[in-house]
Amino acid sequence: MIAAATHGPSALWYATRGAGAITTVLLTASVVFGIGEVRLWRPGAVPRFAVASLHRTISLLAVALLAVHIGTTLLDSFPRIGVLNAVVPFATDYRQLWMGLGTLASDLLLALVITSLVRRRMGYRAWRGVHWLAYACWPIAIAHGIGAGSDTKSTWMLILTLVCVGAVAVAVASRLTAPGTPQRARTAGAAALAACLIALGVWLPAGPLAAGWARRAGTPAYVLAAFAPAPRTRAARPVPVDALSTGFVAPLTGRIRNGTSANGTAVVDLTMQLNGNQPGELRVRLGGQQLANGGLQMDRSAVTLGPPGDPGRYRGRINFLQGTQLRALVGSADGHAVRLTINLSLGRADLTGEVQGTPVRGATR
């Protein structure tokens with residue numbers, strides 16, 4: 001037995017989305033109360049310090065939920081975003097631009113928190129200058145949520161986003177019309193606000209709300225395949241591996257290599273040849289913790305499939321492994337995806353078995 005594990009959308013995947021939505025609401029409330037505090041807004045004649053205290057509390061809650069959002073993203077292996085992307089913008093291959101904006105927004109928010117903690121040492125004027133970053137942090141975070149969020153097309157998320165945008169727009173308009181605001185600042189601010197709202201109204205229908213946005217936004221093929229409708233069960237027939245669009249079944253022969261990576265992780269490498277009308281290559285690499293019974297508790301994997309001239313044409317990960325049966329989703333650069341079911345018979349260093357490939361319907365949309 002190699003290992004027993006499952007990969008795919010998990011509780012962490014949904015926790016990340018929920019924490020992101022709540023963070024958006026809290027960050028919006030923080031911006032609105034920040035503008036209200038500048039305007040000396042006092043609802044119900046409450047003391048001014050109460051408004052300021054509520055602003056700080058909401059801001060801290062936003063930071064706490066942001067930490068949950070980032071933490072669950074890093075812990076979730078579907079998809080694996082990478083620790084580097086938590087601090088360095090645009091360092092991931094998963095919706096690079098939109099995930100990078102999220103990282104940039106979190107970095108700006110972190111700068112606000114740090115400078116607030118040392119406010120007395122750095123002086124009010126310097127702190128105030130840095131605090132203006134909050135006005136840049138919010139729209140960047142909104143763009144990240146719309147562009148990277150998998151719930152953007154959902155009615156509830158669309159309503160939540162539009163309510164947040166509307167709340168900030170009303171607060172900014174209120175600030176611009178406040179007595180004492182210079183006419184030049186009022187005109188420039190109103191023009192910028194109108195331009196942003198118009199741009200959002202044009203971009204949403206043509207971008208995130210249009211068909212095919214997930215692929216155009218930079219979502220890897222194996223993630224798209226995981227959410228594609230399951231194909232109808234049909235009998236597969238032996239065909240060449242480069243004719244994956246029609247499905248295939250092929251016998252396997254190969255070798256097993258066991259080793260240890262530089263960081264001490266146990267590694268099992270299965271290199272297999274597909275025997276059929278046209279030769280092909282299948283490689284499965286598993287990494288994880290060595291078990292006492294000689295097996296492996298998998299925590300990461302990589303799968304490649306293709307003809308001899310292009311063995312890495314399809315790439316993906318294992319999403320089910322029980323004993324010597326493996327299931328994987330692999331995708332190509334042109335958007336095609338295939339579900340693989342692999343049954344193996346293992347020797348000491350050799351293996352035999354069979355692989356069945358079923359194209360994922362709708363993966364190229």
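The rules behind each value
Residues numbered from 1 in each chain as written. Predicted model: local features only at pLDDT ≥ 70, side-chain atom pairs only at ≥ 80, totals over all residues. Heavy atoms only, no water. 1 Å grid on protein atoms, 1.4 Å probe; cavity = no way out; pocket = protein on both sides within 12 Å on 5 of 7 lines; lining within 4 Å. Points joined across faces, edges and corners; volume = space filled by probe spheres on them. Helix = DSSP H or I, 4+ residues; strand = E, 2+ residues; numbered from the N terminus. Nonpolar A, V, L, I, M, F, W, Y, C, P; charged D, E, K, R; others polar. pLDDT = per-residue confidence, 0-100. Contact = heavy atoms within 4.5 Å. Core = buried A, V, L, I, M, F, W, Y, C linked by side-chain atoms within 4.5 Å. Buried < 20%, exposed > 50% of the residue type's maximum accessible area, 1.4 Å probe, protein only. Axes fitted to C-alpha atoms, helices over the stretch in contact; angles between N-to-C directions. Parallel < 35°, antiparallel > 145°, perpendicular 65-115°, else oblique. Left-handed = near helix turned anticlockwise from the far one by under 90°. Pairing = 2+ DSSP bridges. Phe/Tyr/Trp six-rings, centres within 6.5 Å; stacked < 30°, edge-to-face > 60°. Lys NZ or Arg CZ within 6 Å of the ring centre and 35° of its normal.

Asker: So what exactly am I meant to see when it comes to empty space enclosed by the protein here?
Answerer: One water molecule sets the probe size; rolling that probe over the atoms shows where empty space is left. Within the structure shown, the criterion is met by four cavities of 30 Å³ or more. In this structure, the largest cavity occupies an estimated 730 Å³ of space. Contributions of two or more residues to the lining of the largest cavity are made by α1 (11-38), α2 (48-75), α3 (96-117), α6 (133-148) and α7 (155-176). For the lining of the largest cavity, the element with the highest residue contribution is α1, accounting for eight residues. Of the residues that constitute the lining of the largest cavity, the class distribution is 19 nonpolar, 15 polar and three charged. A volume near 60 Å³ is recorded for the second largest cavity.

Asker: Explain the confidence of the model for the protein chain here, please?
Answerer: Caution applies to low-pLDDT regions: their predicted coordinates should not be interpreted in detail. Per-chain confidence: the protein chain averages 81 in pLDDT, with 84% of residues scoring 70 or above. Mean pLDDT across the elements of the protein chain ranges from a minimum in strand β1 (residues 3-6), with 43, to a maximum in α7, with 92. Confidence over residues 3-8 falls short of pLDDT 50; this stretch has 23 contacts with residues more than four positions distant or in other chains.

Asker: How should I be thinking about the nonpolar core in this particular structure?
Answerer: In a soluble, globular protein the nonpolar side chains are often hidden away together inside. Among the nonpolar cores identified, the biggest contains 29 residues, and L27, W98, L109, C137 and W138 are the most heavily contacted of them. Of all the secondary-structure elements, those providing two or more residues to this core are α1, α3, α6, α7 and α8 (183-206). When residues in this core are grouped by element, the largest group, eight residues, is from α6. With residues up to four places along the chain from it excluded, the contact list for C137 reads L27, A105, L108 and L109.

Asker: Honestly, the packing of α7 against α8 in this entry has me stumped. Any pointers?
Answerer: To describe two helices that pack against each other, one gives the angle between their axes and the distance between the axes. Their axes nearest at 10 Å, the elements α7 and α8 cross at an angle of 165°. For the element pair α7 / α8, the angle class is roughly antiparallel. Like other packed secondary-structure pairs, α7 and α8 cross with a definite hand, here left-handed. From α7, L162, V165, A169, V172, A173 and L176 reach across to α8, where they touch A185, R186, G189, A190, L193, L197, L200 and L204. Its residues assigned to classes, the contact of α7 with α8 shows twelve nonpolar, one polar and one charged.

Asker: Whenever I open this one, the layout of surface pockets confuses me. Can you help?
Answerer: The computed volume of the largest pocket comes to approximately 850 Å³. As for the largest pocket, its lining consists of 30 residues, and the residues nearest its centre are H55, R56, S116, W127 and H131. Those elements that provide at least two residues to the lining of the largest pocket are α1, α2, α3, α5 (124-131) and α6. Tallied by class, the residues present in the lining of the largest pocket amount to 19 nonpolar, six polar and five charged. Roughly 740 Å³ of internal volume is contained in the second largest pocket. Along its surface, the second largest pocket is lined by 26 residues, and Y135, W138, V168, V172 and L193 are the ones closest to its centre. Those elements that place two or more of their residues in the lining of the second largest pocket are α1, α6, α7 and α8. Taken together, the residues of the lining of the second largest pocket break down into 22 nonpolar, two polar and two charged.

Asker: How should I be thinking about the pairing of strand β7 (residues 325-331) in this particular structure?
Answerer: Within a regular beta strand, the side chains point alternately toward one face of the sheet and then the other, so they alternate between its two faces. In terms of residue burial, β7 counts as a mostly covered element, since five of its seven residues are buried. By the bridge criterion, seven bridges tie strand β6 (residues 314-323) to β7 in an arrangement that is antiparallel. Bridged to L321 within β7 is L326. Two successive antiparallel strands, β6 and β7, enclose a turn made up of one residue. Hairpin connection from β7 to strand β8 (residues 337-346): five residues lie between these consecutive antiparallel strands, with G335 at a positive phi of about 95°.

Asker: Sorry if this is basic, but what is going on with the packing of aromatic side chains here?
Answerer: Geometrically, a pair of aromatic rings is defined through the distance of the ring centres and the angle of the planes. Applying the stated rule across the entire model yields three aromatic pairs. A centroid spacing of 5.4 Å and a plane angle of 25° characterise the contact between W98 and W203, whose relative ring orientation is stacked. Residue W98 is found in helix α3, and its partner W203 is found in helix α8; the two are separated by 105 residues along the sequence. Assessed through its relative accessible area of 13%, W98 is described here as buried. Given the relative accessible area of 25%, W203 is considered partly exposed. Among the aromatic residues, those joined into a cluster by ring pairs are W98, W203 and W213. The side chain of R327 reaches across the aromatic face of F320, ending 4.4 Å from its centre.

Asker: What should I look at first to understand the packing of α3 against α5 in this one?
Answerer: Between α3 and α5, whose axes approach to 9 Å, the crossing angle comes to 165°. With respect to α5, the axis of α3 lies roughly antiparallel. You can see that α3 and α5 cross each other, and the crossing is left-handed. Along the contact surface, α3 presents A111, L112, T115 and S116, while α5 presents W127, V130 and H131. Residues belonging to the contact of α3 with α5 are distributed by class as follows: four nonpolar, three polar and no charged.

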